[in-house]
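# What the coordinates show
Here's the letter readout for the chains.
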Amino acid sequence: AMDDLAVYFSGQHALKRKVRNEELEEFFRSLQQRIEELSLSSQEDMAALGRKVSQVDKALDEVAFFHEVSQQPQILHFLSDARQLLQRMLRTANLNEEMLGTIETVADLSYAWHALAGYKEAMGNLLATSPESVKGLRALFLKLASILEVPLRRIRQSGNESHASLVSNYYSAGLVQFMRSVLQDIPRLIFQILAQLATLNASVSPVAWPSRISFAELHSYAQRSESASIEVGKLTQRIALLMRGIRETDVAVLGAILVEPKEVLVDGLRRELAANIEVMLAKQSFDHLEASLKDLADQSRRLRGSFEHVQDYLGVSAQELWRAQFGRVVRFLLHMEQHQLLGKRGRAKSSPDHDPSQPIRFPDGKSSGGSFLSRCMAKLLELTEPKSCSGGFRQDWCSSGGALDSLVLQQLMEAVASPGIAAMSKLLALKAAGRVRKVLQGGTALLGDPEHSRAVLKASRARSSEALRVCAASLASQVGPLASVLSSLGQIMLLQRRLTALLRLHGSLDAPLINKSLGVLDGTALVESLEEDAETEVDGELPSLWDFVDSSSIAKEGQLRFRRKLAKTGELHGFAEPLRQLLLVIPEDSAPNGLDTLLALALVQYVAEKQRQAPSARRTSTWTAKAPAPTVGTEAHVALSAGLASFLQQLPRQQLHGTFQVCGFFIQGLCSEEGWAEGALIIQILQNCLELLGFPREHLAEFVPVGLLELWPAE
């Protein structure tokens, strides 16, 4: 400080406007030299220190009355700081052993190690009533560091530094944990205030104003808005006072651990936000889907909006914190739901998203025994039940009990966001894998029976529709349930397909550039993976994906981690095509013989059963009939088409050709009969199956002549 003042009065600085004063410059130079000569090396220096500091302090007090000094506030501020530092130095130097012992005795809290837990509630009440008490609590935490003195005293006397470090770290961690538990009341108070802010509807203007509004209504709204704005100001001020105490608290050293109060606060906000999200999701029963989705979307929007309103006071990004914690809660619940669906006992500790300090409850207390994911998914499956609704291919699902259309799916996106929809899509894929395994095991067991195997072999050699119908009727008790399981599988896959399309749509709308970039990256990684598996020669001059990735990721382990992260990111953007994914790995030689014929018989029995249930209809001649023949819509029986397509996707390609070939023989045999309704239905099922597999609908002409297909117009 003295050197700064001397430079100022020398005039050799940027702001040298008529301030040069050689006498003051020389005066401050001399004071600087006297301060630098102060020493505490000997007893004589200690005795003379008080007198020398008093002389310098008196000189600084007198120079403050000079005209050149008294007219400049910044110079007076420098002088005041210098005098305070000198006085503090003098008091510190005068400390003796007796006074140090007294300070240690007064600050000793080693006796309170087990008694502190009883005061946590009182500390929380103090924070709630007086936000400025944060500083007092900081002083208490610093005094708690004396707890380490008792267990470390004998260890220090023995000179064992390694044991001293271990014991010090152990007790320091206990102190930090206690401090976090006390300061956790601050985030809890903040979220209580945020909940009050979220209920103040009058402070937010309506989304849409009417074209005309009366003066009385406008006056009433203005009054409500003014009172609500005042209440918002009061609540915001309380949050600001809580945060001011945290911001003004310096970094504290508790034992051997350095504690940053702001980091403690952010960690507490993270835990409290996760707890609020968990409670918000657990309250929804989804008995009435639209009402539950609307309520959940409204609650999340209000809580997120109030959090964003005060994020500047908190010093955090509300959106980033919300997305991180919402995603963590959903991923943990998905982990537990997957273990429960597989019949395993999943432990919370096995999830990478488990936080021991803020555990997420599973099950969440509802009668379903799961989480909001399983309840919402069960309601979606109920609305898309093939026996009671139609649609799902190109149109929305419609039934007497309700509809699952674009509006409901948009509400679902607003309620659970992309992480929730992606988690339900994963659960649906797991259920679909169970259905595929059930169909394969059932078919294998059926073909393993000699009697049933002979019936299937006889059907594979049949070339007439009547013979195939007789074989299907003889196996009706076995192939009937097979068709039901395939329809259930198709229902799941169509729902997952729709959810994936919803993710893809919102990903392209919310972040189109990022979405396109991730799509290109995902496609490039897939192509390079296929080239590596095929062991094909690649032109070395062409750039590779790994040329643009960090060198530490080029190793096999790094490439695997990179692809896993890319796959997880792609799930949120809906890059996967559910009907093209492999749910069960079936080697080419392991598929049972006759499985393709068994699938064709299931279709034959299905259309025959539907024909018996439908009113009788006869195909009239195109020369005599004036009215067109009734047609089968593309949305009819689409669940069976999707289930068949998904199951054939898991099998070798010859199984698909075998199934379609047997069905082709059945369709050709219908030409000599009056079973045009059966032909129209099975043609529609097969064409929908081809389209879902990525083939053109005209591909069916490889198994049925085109002229015969024209006899049964599908549309």
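Structure first, text after, so check above.
Just so we're clear, the structure is a prediction, and the values are computed from it rather than from any experiment. (Residues numbered from 1 in each chain as written. Predicted model: local features only at pLDDT ≥ 70, side-chain atom pairs only at ≥ 80, totals over all residues. Heavy atoms only, no water.)

## Comments concerning the layout of surface pockets
How we decide: Both cavities and pockets are sets of points on a 1 Å grid over the protein atoms alone; in a cavity a 1.4 Å probe fits but cannot get out, in a pocket the set is open with protein on both sides within 12 Å along at least five of seven lines, and lining residues sit with an atom within 4 Å of a point. Grid points are joined across faces, edges and corners, and a volume is the space filled by probe spheres set on the points. Helical segments are the DSSP runs of H or I of at least four residues, strand segments are the runs of E of at least two, and each set is numbered from the N terminus.
Looking at the largest pocket, its volume works out to about 1,200 Å³. Lining the largest pocket are 40 residues, with Arg 323, Ala 417, Ser 418, Pro 419 and Leu 572 positioned closest to its centre. Mapped onto the lining of the largest pocket, the elements with two or more residues apiece are α14 (289–309), α16 (318–341), α18 (406–448), α21 (476–510), α22 (512–534) and α23 (556–573). No other element matches α16, which puts 11 residues into the lining of the largest pocket. Considered as a void within the structure, the second largest pocket measures approximately 1,000 Å³ in volume. If you go around the second largest pocket, you meet 30 residues; those closest to its centre are Asp 522, Ala 567, Glu 571, Ala 576 and Gln 581.

## So, the packing of helix α24 (residues 595–613) against helix α26 (residues 653–669)
We apply this condition: Fitted lines through C-alpha atoms give the axes, limited to the stretch in contact for helices. The angle between two N-to-C directions lies from 0 to 180 degrees. What sets the label is the angle itself: under 35 degrees gives roughly parallel, over 145 gives roughly antiparallel, 65 to 115 gives roughly perpendicular, and the rest give oblique. Left-handed describes a crossing whose near helix is turned anticlockwise from the far helix by less than a right angle; the clockwise case is right-handed. Residue contacts are defined here by distance: any two heavy atoms, one from each residue, within 4.5 Å place the two residues in contact. Residues are grouped as follows: Ala, Val, Leu, Ile, Met, Phe, Trp, Tyr, Cys and Pro are nonpolar; Asp, Glu, Lys and Arg are charged; all remaining types, including Gly, are polar.
With their axes 8 Å apart at the nearest point, α24 and α26 run at an angle of 40° to one another. Judged by the angle between their axes, α24 and α26 are oblique. The handedness of the crossing between α24 and α26 is right-handed. For the pair α24 and α26, contact is made by Leu 595, Asp 596, Thr 597, Leu 599, Ala 600, Leu 603, Val 604 and Val 607 and by Gln 654, Gln 655, Gly 658, Thr 659, Val 662, Cys 663 and Phe 666, respectively. In terms of residue class, the contact of α24 with α26 is built from nine nonpolar, five polar and one charged.

## Considerations on the nonpolar core
Spelled out, the test is: By nonpolar core is meant a set of buried Ala, Val, Leu, Ile, Met, Phe, Trp, Tyr and Cys residues that side-chain atoms within 4.5 Å join together. Three labels apply to residues, based on accessible area from a 1.4 Å probe with only protein chains included: buried if under 20% of the type maximum, exposed if over 50%, partly exposed otherwise in between.
Counting 147 residues, the largest nonpolar core has Ile 190, Leu 412 and Phe 647 as the members making the most contacts within it. Top contributing element to this core by residue count: α18, with 19 residues. Every residue in contact with Phe 647, bar those within four places of it in the chain, is listed here: Val 436, Val 439, Leu 440, Leu 486, Leu 489, Leu 595 and Leu 599. Listed in part, the 17 residues of the second largest apolar core include Leu 24, Phe 28, Val 53 and Ala 93.

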